[in-house]
Amino acid sequence: MKSSERSFARRIDLTSLQLFVAVCELGSIGRAAEREFIAASAVSKRLSDLETAVDTALLYRHSRGVTLTPAGESLLHHARTVLFGLERMQGELSEYADGVRGHVRMHANISAIVQFLPEDLGAFASEHSQVKIDLQEHLSQEVLNAVRDGATDLGVCHTGTTVDPEGLQSRTYRHDRLVVVMPQSHALADRESITFAEVMEWDIVGLQAGSSISLAMRQAAGQTAKPLRQRMQVTSLDAMCRMIDNGLGIGLLPDRAFDLMHSVGQLTAVRLNEPWAERELRVVARDFEALPVTARLLVEHLTRPNALAELQQQLAA
């Protein structure tokens, strides 16, 4: 941090920022003083000192109250961001006081969350009960963006050819295979495998446009002269299965997800005979070595079973 930046940071008082936000929200120094249980003259003095610190006017003062100058609008945005960050920091630190010894932020796509993470995170939590995991579901591209931007420590998603993992590190987590899900009474239900060209002859129930499955289908359809008859898009695998069960189309699901969900209705799955149906889920981070200790423990836990399974496959071969 430059000396000028350090000097600016020292001139900004958090209490003054809180009072400034209160004045902006209420539009009056007097009302803000009442809400914050402080004299109006003290609030006015704090605001004047804040304007001196930033060397510009922040408020237009008039008989009916105050309004923001352009500089004031900018400061209000940043002040709220700073105060919100402090609240989050206080919340996380209070958890350490209650015995939480670590905190890992994690984003994952729906395939990882449905198929593998419940068991893996449950086992990790039983071994490390004082580590808190914050997990959010996002599309694969959004997971990569969040890791790249520092909004999360770890990501679990399909990196594939449809996303750009440049600048990120990744490790193999799990593998899955796409199958074609359809009602048991469907004309293709007795097949052992089918191609995507055959799938395209039917109406398709798909996931939302940015999902890895949807992107893979569109890329495959783009290599043919046939249109993709994707009539419906849903946001969950459960909703997809319910739509398919009610005769609204067929759809592509990961095999393990179907094993967990096929009880939704009278459904069956047929192997999709395409190279891109074989998929790899990866754990992604900006720099694995730079992660906090608890996050590194979670990475090792998530990737260790996969390494063991691959070793067993090699021995069996």
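Our structure's up above, just so we're on the same page.
Residues numbered from 1 in each chain as written. Predicted model: local features only at pLDDT ≥ 70, side-chain atom pairs only at ≥ 80, totals over all residues. Heavy atoms only, no water.

Some details on the overall build of the chain
Of the regular secondary structure elements, the chain holds 13 helices and 12 strands. Looking at the 317 residues of the chain, the share that counts as buried comes to 41%. The contacts of the chain with a sequence gap of at least 6 include a subset with a gap of at least 24, amounting to 73%. Entry remark: accessible area of the chain is about 17,100 Å², with carbon and sulfur atoms responsible for 51%. (Helix = DSSP H or I, 4+ residues; strand = E, 2+ residues; numbered from the N terminus. Buried < 20%, exposed > 50% of the residue type's maximum accessible area, 1.4 Å probe, protein only. Contact = heavy atoms within 4.5 Å. Areas by Shrake-Rupley, 256 points an atom, 1.4 Å probe, with all protein chains shown as cover.)

Considering the packing of helix α2 (residues 14–26) against helix α4 (residues 40–54)
At a closest axis distance of 9 Å, the pairing of α2 and α4 adopts a crossing angle of 110°. Regarding the angle of α2 to α4, the classification is roughly perpendicular. Note on element contacts: α4 touches α2 through Val 43, Arg 46, Leu 47 and Leu 50, opposite Thr 15, Ser 16, Leu 17, Leu 19, Phe 20 and Val 23. Residues that form the contact of α2 with α4 fall into these classes: seven nonpolar, two polar and one charged. (Axes fitted to C-alpha atoms, helices over the stretch in contact; angles between N-to-C directions. Parallel < 35°, antiparallel > 145°, perpendicular 65-115°, else oblique. Nonpolar A, V, L, I, M, F, W, Y, C, P; charged D, E, K, R; others polar.)

A word on the layout of surface pockets
Any space left empty among the atoms is revealed by the rolling of a water-sized probe across them. Reported here for the second largest pocket is a volume of approximately 160 Å³. If you trace the second largest pocket, you find 13 residues lining it, with Ile 110, Glu 137, His 138, Leu 139 and Gln 208 closest to the centre. Every element with two or more residues in the lining of the second largest pocket is listed here: α6 (110–115) and α10 (212–222). Of the residues in the lining of the second largest pocket, the class split is four nonpolar, eight polar and one charged. (1 Å grid on protein atoms, 1.4 Å probe; cavity = no way out; pocket = protein on both sides within 12 Å on 5 of 7 lines; lining within 4 Å. Points joined across faces, edges and corners; volume = space filled by probe spheres on them.)

As for the nonpolar core
Within the largest apolar cluster, 34 residues are counted, with the highest numbers of intra-cluster contacts made by Val 180, Met 182, Phe 196, Val 199, Leu 252 and Leu 272. Secondary structure elements with two or more residues in this core: β6 (169–183), α9 (196–199), β8 (204–207), α10, α11 (237–245), β10 (251–254), α12 (255–261) and β11 (267–272). Of the residues forming this core, the biggest block, five residues, is contributed by β6. Every residue in contact with Val 199, bar those within four places of it in the chain, is listed here: Val 180, Ile 194, Ile 204, Ile 250, Leu 252 and Leu 272. Among the nonpolar cores identified, the runner-up in size contains 22 residues, and Ile 113, Leu 117, Tyr 173 and Val 283 belong to it. (Core = buried A, V, L, I, M, F, W, Y, C linked by side-chain atoms within 4.5 Å.)

A closer look at unusual backbone geometry
Residue Phe 37 is not a glycine yet carries a positive backbone phi of 55°. Within the secondary structure, Phe 37 sits in the loop between α3 (29–36) and α4. You can call Phe 37 exposed: its relative accessible area is 78%. Although it is not a glycine, Asp 55 sits at a positive phi angle of roughly 60°. For Asp 55, a relative accessible area of 69% translates into the label exposed.

Observations regarding the side chain of Thr 294
Along the chain, the position of Thr 294 falls in helix α13 (residues 293–316). If we ignore the near neighbours within four places in the chain, the residues touching Thr 294 are Arg 101, Gly 102, His 103, Val 104, Phe 124 and Val 131.

Side note on the pattern of salt bridges
What the rule picks out here adds up to 17 salt bridges. A salt bridge links Glu 25 to Arg 80, with the nearest nitrogen and oxygen atoms 3.8 Å apart. With Glu 25 in helix α2 and Arg 80 in helix α5 (residues 70–97), the pair connects residues that are 55 residues apart, well separated along the chain. Of the residues examined, Glu 25 reaches a relative accessible area of 43% and is grouped as partly exposed. Overlapping salt bridges bring together Glu 25, Arg 35, Glu 36 and Arg 80 as one network. (Salt bridge = Lys/Arg side-chain N within 4 Å of Asp/Glu carboxyl O.)

Overview of α3
Taken residue by residue, α3 has Ile 29, Ala 32 and Ala 33 as its buried positions. Down the axis of α3, the smallest arc covering the buried residues is 100°, so these residues share one side. The backbone nitrogen of Gly 30 has a side-chain oxygen 3.2 Å away, supplied by the residue at the start of α3, namely Ser 28. In the segment just after α3, Phe 37 is the residue with positive phi, at about 55°. (Arc of directions from axis to C-beta. Polar contact = N/O pair within 3.5 Å; in protein donor to acceptor, adjacent residues only side chain to side chain.)

Things to note about the pairing of strand β1 (residues 59–62)
Bridging between β1 and strand β2 (residues 65–68) involves four bridges; their strand directions are antiparallel. What sits directly across from Arg 61, in β2, is Val 66. Where β1 folds back on β2, the antiparallel hairpin that results is connected by two residues. (Pairing = 2+ DSSP bridges.)

Some remarks on the packing of aromatic side chains
As enumerated under the stated definition, the model contains two aromatic pairs in all. Relative to Tyr 173, the ring of Phe 116 has its centre 6.1 Å away and its plane inclined at 85°; by these criteria the two rings are edge-to-face. You can see Phe 116 sitting in the loop between α6 and α7 (117–127) and its partner Tyr 173 sitting in strand β6, a full 57 residues away along the chain. Both residues of the pair, Phe 116 and Tyr 173, count as buried. Ring centres of Phe 196 and Trp 276 lie 5.3 Å apart, and the angle between their planes is 80°; this geometry places the pair in the edge-to-face category. Taken together, the residues span a long stretch of sequence, with Phe 196 in helix α9 and Trp 276 in the loop between β11 and β12 (278–285) at a distance of 80 residues. A relative accessible area of 3% means that Phe 196 is categorised as buried. The class for Trp 276 is partly exposed, based on a relative accessible area of 24%. The ring of Phe 288 has Arg 171 sitting right over it, with the charged end atom 4.3 Å from the ring centre. (Phe/Tyr/Trp six-rings, centres within 6.5 Å; stacked < 30°, edge-to-face > 60°. Lys NZ or Arg CZ within 6 Å of the ring centre and 35° of its normal.)

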